[in-house]
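Structural features, examined
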Amino acid sequence: MPPTASAQSPRQSKLPRLTSWWLIATVLSLAVFLIAPQQLPVSLYKLNLISLAALAGYWIDRAVFPYARPQVSALSDLDADYELELTEEESAQGYVVTDDGRQIPIECLAEGLCGPIDPTRVYFMLGCMLRRALIMSAAILAISLGG
């Protein structure tokens, strides 16, 4: 399978993920500390509440929908590689002879192996991911507005 480019950057970064956001958060926390140091505990308190709300939203989703989790295994349907070994004679003839003597055209054989993909599992996974994101964001929003 050919390597794919990252959605974030065409080049591979050696830094951990979200490093730039950690730097931005550090600079902003330093600014809060310099401008109004008494507000730093409040900022940490609110950050703690939002983190706990995200965690609570995740576990609420897992508890309410125990059998409807987003599974990465659904993506394997899109990435299945099939190998078909043909002899030169079969390639020249354009068909494969089965054990019972039937002649199957190569196009039909390839279509059977690499035929249309049933997107049901992928759509289900997408729905589960969106549901989880909505539950987590609702929990975060509820805590943010109430705290």
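Residues numbered from 1 in each chain as written. Predicted model: local features only at pLDDT ≥ 70, side-chain atom pairs only at ≥ 80, totals over all residues. Heavy atoms only, no water.

The name an unreviewed UniProt entry assigns to the protein chain is Putative holin, from the organism Comamonas suwonensis.

1. Some remarks on helix H5 (residues 120-146)
Counted at 1.5 Å a residue, the expected span for H5 with its 27 residues is 39 Å, and the 39 Å between its end C-alpha atoms agrees. Buried residues of H5: Val122, Met125, Cys128, Arg131, Arg132 and Ala139, and no others. On its buried face, H5 is in contact with helix H2 (40-64). (Helix = DSSP H or I, 4+ residues; strand = E, 2+ residues; numbered from the N terminus. Expected span 1.5 Å × (residues − 1). Buried < 20%, exposed > 50% of the residue type's maximum accessible area, 1.4 Å probe, protein only. Contact = heavy atoms within 4.5 Å.)

2. Topic: the environment of Arg132
With respect to the element layout, Arg132 can be found in helix H5. Residue classification places Arg132 among the buried residues on the basis of a relative accessible area of 13%. Leave out the neighbours within four places in its chain, and Arg132 touches Tyr58, Asp61, Arg62, Arg69 and Pro70. At 2.7 Å, the side chain of Arg132 forms a polar contact with the side chain of Asp61. (Polar contact = N/O pair within 3.5 Å; in protein donor to acceptor, adjacent residues only side chain to side chain.)

3. Comments concerning the UniProt feature "transmembrane region" (unreviewed entry) in the protein chain
Annotation from UniProt places "transmembrane region" (unreviewed entry) at residues 20-36. Note that residues 20-36 is 94% helix and 0% strand, and that its end C-alpha atoms are spaced 24 Å apart. (UniProt positions renumbered as here; feature names shortened; annotations may be inferred.)

4. Some remarks on the packing of aromatic side chains
With the rule as written, the count across this model stands at one aromatic pair. On the numbers, 5.4 Å between centres and 85 degrees between planes, the contact of Tyr58 with Trp59 is edge-to-face. On the basis of relative accessibility, which here comes to 26%, the residue Tyr58 falls in the partly exposed class. (Phe/Tyr/Trp six-rings, centres within 6.5 Å; stacked < 30°, edge-to-face > 60°.)

5. Some thoughts on the environment of Ile50
Along the chain, the position of Ile50 falls in helix H2. The partly exposed category is assigned to Ile50, whose relative accessible area is 34%. Setting aside residues no more than four positions away along its own chain, Ile50 makes contact with Ile140 and Ser144.

6. Observations regarding the packing of H2 against H5
Between H2 and H5, whose axes approach to 8 Å, the crossing angle comes to 145 degrees. For the element pair H2 and H5, the recorded crossing hand is right-handed. Listed contacts from H5 to Leu49, Ile50, Ala53, Ala54, Gly57, Tyr58, Ile60, Asp61 and Arg62 of H2 are Arg131, Arg132, Ile135, Met136, Ala139, Ile140, Ile143 and Ser144. Its residues placed into classes, the contact of H2 with H5 shows eleven nonpolar, two polar and four charged. (Axes fitted to C-alpha atoms, helices over the stretch in contact; angles between N-to-C directions. Left-handed = near helix turned anticlockwise from the far one by under 90°. Nonpolar A, V, L, I, M, F, W, Y, C, P; charged D, E, K, R; others polar.)

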